[in-house]
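# Secondary and tertiary structure notes
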Amino acid sequence: MDSHNHENCVIHTEDLTKIYDGGAFPVRAVNDVHLHIEKGEFTTLVGPSGSGKTTLLNLIGGLDQPTQGKVWVKDVDISTLSKSQLIDFRLHNIGFVFQAYNLIPVLTARENIEFVMLLQKRSKAERKKRVFQLLREIGMEDKINHRPAQLSGGQQQRVAVARALASKPQFVLADEPTANLDSKTAKNLLDTMVKLNEEEHITFIFSTHDQRVMDRARRVITLVDGAIASDELKEEQHIIIG
Amino acid sequence: MFLRLAWRNIWRNKRRTIITMASVVFAVLLAILLNSIKEGVLYKLQENVVTFYTGAVQIHQNGYWEDQRLDNSFAQSDSLFELAKAHPDVNAVVPRLETFVLAASEKHTRGCMVVGIDPQTEPLVTSLDQKIVQGSYLENNDQGILLSEGLAEYLKLGVNDTVVLLGQGYHGVSATGKYAIRGLIKFASPELNKRMAYLPMHSAQNLFGAENRFTALVLDLTSVVKAEKVEEELALTLEGQYEVMNWKTLLPELNQVLEGERAENVIFLMVLYLLISFGIFGTILMMIVERQYEFGILVAIGMRKLKLSRMVIFENVMISVIGAIIGTVLSVPVVGYFYRYPIRITGKLEEAYRNFGFEPIFYFSIEPRIFYSQTIVVLSIALILSIYPLIKIMNIKPVESMRQ
Ligand SMILES: Nc1ncnc2c1ncn2[C@@H]1O[C@H](COP(=O)(O)OP(=O)(O)OP(=O)(O)O)[C@@H](O)[C@H]1O
Ligand SMILES: [Mg+2]
């Protein structure tokens, strides 16, 4: 029970369960999940379609409320936060990368990244510095003034990653970030994330169907019917950039 | 950046924004033109009617209007006269002494209103000298009389004939006099045309034994719309001995007609704006549906809902208000043109207008209120319609918005 208070722990769930009553019978989309994720981890959630990956990520990210159980981010039980506190909490602690259309279409790459920092009320100088640093890290210095429609799918996802990092979150949640990308672009995006993970110790949690993503992860958690079926740690060598 | 973002969002769907704006532009333009012509026509109407007889403002002895007898007349007072004259909105102050008498010829008698006037200044209010159709207007020390055409006809009298007036004067003295008819006046109003007679003031005062007494001072103003203001301001100093009344009290039926006309306009404009509101609302509705996913993302990454609502409301208000401003700007030259070159009515309508003593011209008003009030209306509509996106955004659940 005290394990989440441990210094390096960023996410801790206990007894986490989400039941949907929508259809003819209730669906246990997430079923009694106990999860513990430490700073700097590079974790993937895998499992067949409908196994509850998205639902679990939404619960961890405070986008959805569990039917049962709790989520701690660092030492905050997020169920104790009011709705508006939760929005602020996400702004300052969690980075999100969604499957597609992450970006605001009328803002340029640079503005999209800057946007979250603006919400955080960071100074102009700080914003500028970080935007350029991030654009360099994702290798898109030459596209700063492009709008999303002028970027490829992979480039858009990389900008989305940069935006997720702009707020200096505790961790980044990414729900199938490569799902709409071809394999070469997907590899590029992964390289970027692995690099960020290794060099800046950014904590990433993905969901994916993509074998290549799984290959690159240090930890692979498999969900079946909403429950954790396996949780494997891999050898360091596997994630070295090839 | 939020401003920039809002501004770019406005132009995201250029065609829709332009269509929405255009409908607002059109509505505002139409509303301004309509209001301008309506106000212009009504204004002219007031001015016309006021010049028939009553003037814009009158001052009487307190209680005269309730009980219009010579006993309620007041003694000539230079200070009163000067005070009224000194008001910046007053052009002219004209005295009157009026009462009902019987007018008789050899064979006929008829009740009529006899009005003692200052022949020199009376035309400033009523243009009485312009209304002579036979004979001539009164000279200053004239011993003659002017009769309205209808009255003369009834009495079977013409110019240079003599009419006898019989009545009751000040404090009940009997009043009888014989006057040579100098001229006949034609009033557009049939009501006035059959019962008016004008005497020079000194003759009237003689006739009624009311030396140096008036029943009313009639004020001609720089503009008839100032009537209420002038009335209030004069009443402040004159209260007690005198009563001050504007034409709305003097001519309550006319005022009612004008208010009715205005109300009619309001109903038409309400329908117009209702249609425009549907247009704006449609745009808001589509925008909300289209941007559902994006709103979900924004809330997910940490944009507060109130902030998001504020931005979206700002966008909608801008579309409407920019439309309103363009409409107003476009209306300025149009209204300005018609203000300078009013529309002349021709044909049957012209005749009808002339018969009632009105100029057959549609005037336009350039009162500022006509222009800015439309922007206020549009702004209010946009704000009221903003309740919808506000509610929608406050209820956003990112997970659900993003599932679509
Ligand atoms: N809003 C909802 N109402 C009812 N059932 C839902 C809802 N959202 C998800 N589910 C159900 O919950 C289960 C888990 O869904 P979830 O989207 O988390 O799966 P997933 O692992 O992300 O699948 P995929 O790989 O296809 O993205 C599914 O059976 C799904 O049908
Ligand atoms: Mg999913």
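Chain A is annotated in an unreviewed UniProt entry as ABC transporter ATP-binding protein of Splendidivirga corallicola.

Let's shift gears to the packing of aromatic side chains. Residue and element names in this part refer to chain B. This structure, assessed with the given rule, holds 14 aromatic pairs over all chains. Geometrically, the ring pair formed by Phe74 and Tyr242 is edge-to-face, given 5.5 Å between the ring centres and 85 degrees between the ring planes. With Phe74 in strand S2 (residues 74-75) and Tyr242 in strand S12 (residues 242-246), the pair connects residues that are 168 residues apart, well separated along the chain. For the pair formed by Phe74 and Tyr242, the shared burial category is buried. Aromatic rings pair up to connect Tyr337, Phe338, Tyr341 and Phe364 into one cluster. A cation sits over an aromatic face here: Arg96 above Tyr53, 4.5 Å from the ring centre. The residue whose ring lies beneath Arg110 is Tyr154, and the NZ or CZ to ring-centre distance is 4.3 Å.

Below, the discussion takes up the interface of chain B and chain A. Opposite the 22 residues of chain B that make contact, chain A presents 26 residues. Summed over both sides, the interface of chain B with chain A buries roughly 2,200 Å², with 69% coming from carbon and sulfur. In terms of surface lost to chain A, no three residues of chain B exceed Met1, Arg8 and Ile301 of chain B, which account for 30% of the buried area on that side. Across the contact surface, chain B and chain A share seven residue pairs in polar contact (both at pLDDT 80 or more).

Around ligand 1, the structure places 14 residues, and the nearest of them are Ser49, Lys53, Thr54, Thr55 and His209 of chain A. Among the chains of the assembly, those with residues near ligand 1 are chains A and B. Interatomic distance of 2.5 Å between a side-chain N/O atom of Ser49 of chain A and an oxygen atom of ligand 1. Here a nitrogen atom of ligand 1 sits 3.0 Å away from a polar atom, N or O, in the side chain of Arg403 of chain B.

Working note: regular strand, side chains alternate between the two faces of the sheet. All names here are of chain B. Where strand S3 (residues 90-104) lies against strand S7 (residues 162-168), three bridges are found, and the strand directions are antiparallel. If you follow Leu102 over to S7, its bridge partner there is Leu166. Across seven bridges, S7 lies against strand S8 (residues 174-185) in antiparallel orientation. By the bridge assignment for S8, Leu166 is matched with Thr176. Where S7 folds back on S8, the antiparallel hairpin that results is connected by five residues, among which His171 adopts a positive phi of roughly 55 degrees.

Residue and element names in this part refer to chain B. Roughly 640 Å³ of volume is contained in the largest pocket. Along the wall of the largest pocket there are 27 residues; nearest its centre are Tyr53, Thr54, Leu192, Arg195 and Leu251. By residue class, the composition of the lining of the largest pocket is 17 nonpolar, six polar and four charged. Considered as a void within the structure, the second largest pocket measures approximately 500 Å³ in volume.

With that settled, consider the sheet that holds strand S4 (residues 68-73) of chain A. All names here are of chain A. If you walk across this open sheet you meet the four strands as S2-S1-S4-S5, and the pairing is antiparallel. The sheet is open, and its two edges are formed by strand S2 (27-38) and strand S5 (76-77), each paired on a single side. Inspection of the sheet shows strand S1 (residues 9-20) paired to S2 by eight bridges, in the antiparallel sense. By the bridge assignment for S2, His12 is matched with His36.

As a further point, take the packing of helix H3 (residues 109-119) of chain A against helix H4 (residues 124-137) of chain A. Residues and elements named next belong to chain A. As a packed pair, H3 and H4 sit with axes 10 Å apart at the nearest point and diverge in direction by 135 degrees. In terms of their interaxial angle, H3 and H4 are classed as oblique. Helix-helix and strand crossings are classified by hand; for H3 and H4 the assignment is right-handed. Here H3 contributes Arg110, Ile113, Glu114, Met117 and Leu118 to the contact with H4, which in turn contributes Arg127, Lys128, Arg130, Val131, Phe132, Leu134 and Leu135. Partitioned by chemical class, the residues of the contact of H3 with H4 number seven nonpolar, no polar and five charged.

All names here are of chain A. Tracing the backbone through its elements, the reader meets Lys83 in helix H2 (residues 83-93). Residue classification places Lys83 among the exposed residues on the basis of a relative accessible area of 71%. Along the sequence, Lys83 and Gly62 sit 21 residues apart, while their C-alpha atoms lie 9.6 Å from each other.

On to the side chain of Gln120 of chain A, then. All names here are of chain A. Tracing the sequence through the fold places Gln120 in the loop between H3 and H4. Looking at Gln120, the relative accessible area reads 10%, which means it is buried. Within the structure, the side chain of Gln120 is placed 3.2 Å from the backbone oxygen of Leu91, a separation counted as a polar contact. Here the side chain of Gln120 touches Ser167 through a polar contact of 3.2 Å, landing on its backbone oxygen.

Calculation rules
- Residues numbered from 1 in each chain as written.
- Chains lettered and ligands numbered in written order.
- Predicted model: local features only at pLDDT ≥ 70, side-chain atom pairs only at ≥ 80, totals over all residues.
- Heavy atoms only, no water.
- Phe/Tyr/Trp six-rings, centres within 6.5 Å; stacked < 30°, edge-to-face > 60°.
- Helix = DSSP H or I, 4+ residues; strand = E, 2+ residues; numbered from the N terminus.
- Buried < 20%, exposed > 50% of the residue type's maximum accessible area, 1.4 Å probe, protein only.
- Lys NZ or Arg CZ within 6 Å of the ring centre and 35° of its normal.
- Contact = heavy atoms within 4.5 Å.
- Buried area = accessible area lost by both parts, 1.4 Å probe.
- Polar contact = N/O pair within 3.5 Å; in protein donor to acceptor, adjacent residues only side chain to side chain.
- Near = heavy atom within 4 Å.
- Pairing = 2+ DSSP bridges.
- 1 Å grid on protein atoms, 1.4 Å probe; cavity = no way out; pocket = protein on both sides within 12 Å on 5 of 7 lines; lining within 4 Å.
- Points joined across faces, edges and corners; volume = space filled by probe spheres on them.
- Nonpolar A, V, L, I, M, F, W, Y, C, P; charged D, E, K, R; others polar.
- Axes fitted to C-alpha atoms, helices over the stretch in contact; angles between N-to-C directions.
- Parallel < 35°, antiparallel > 145°, perpendicular 65-115°, else oblique.
- Left-handed = near helix turned anticlockwise from the far one by under 90°.

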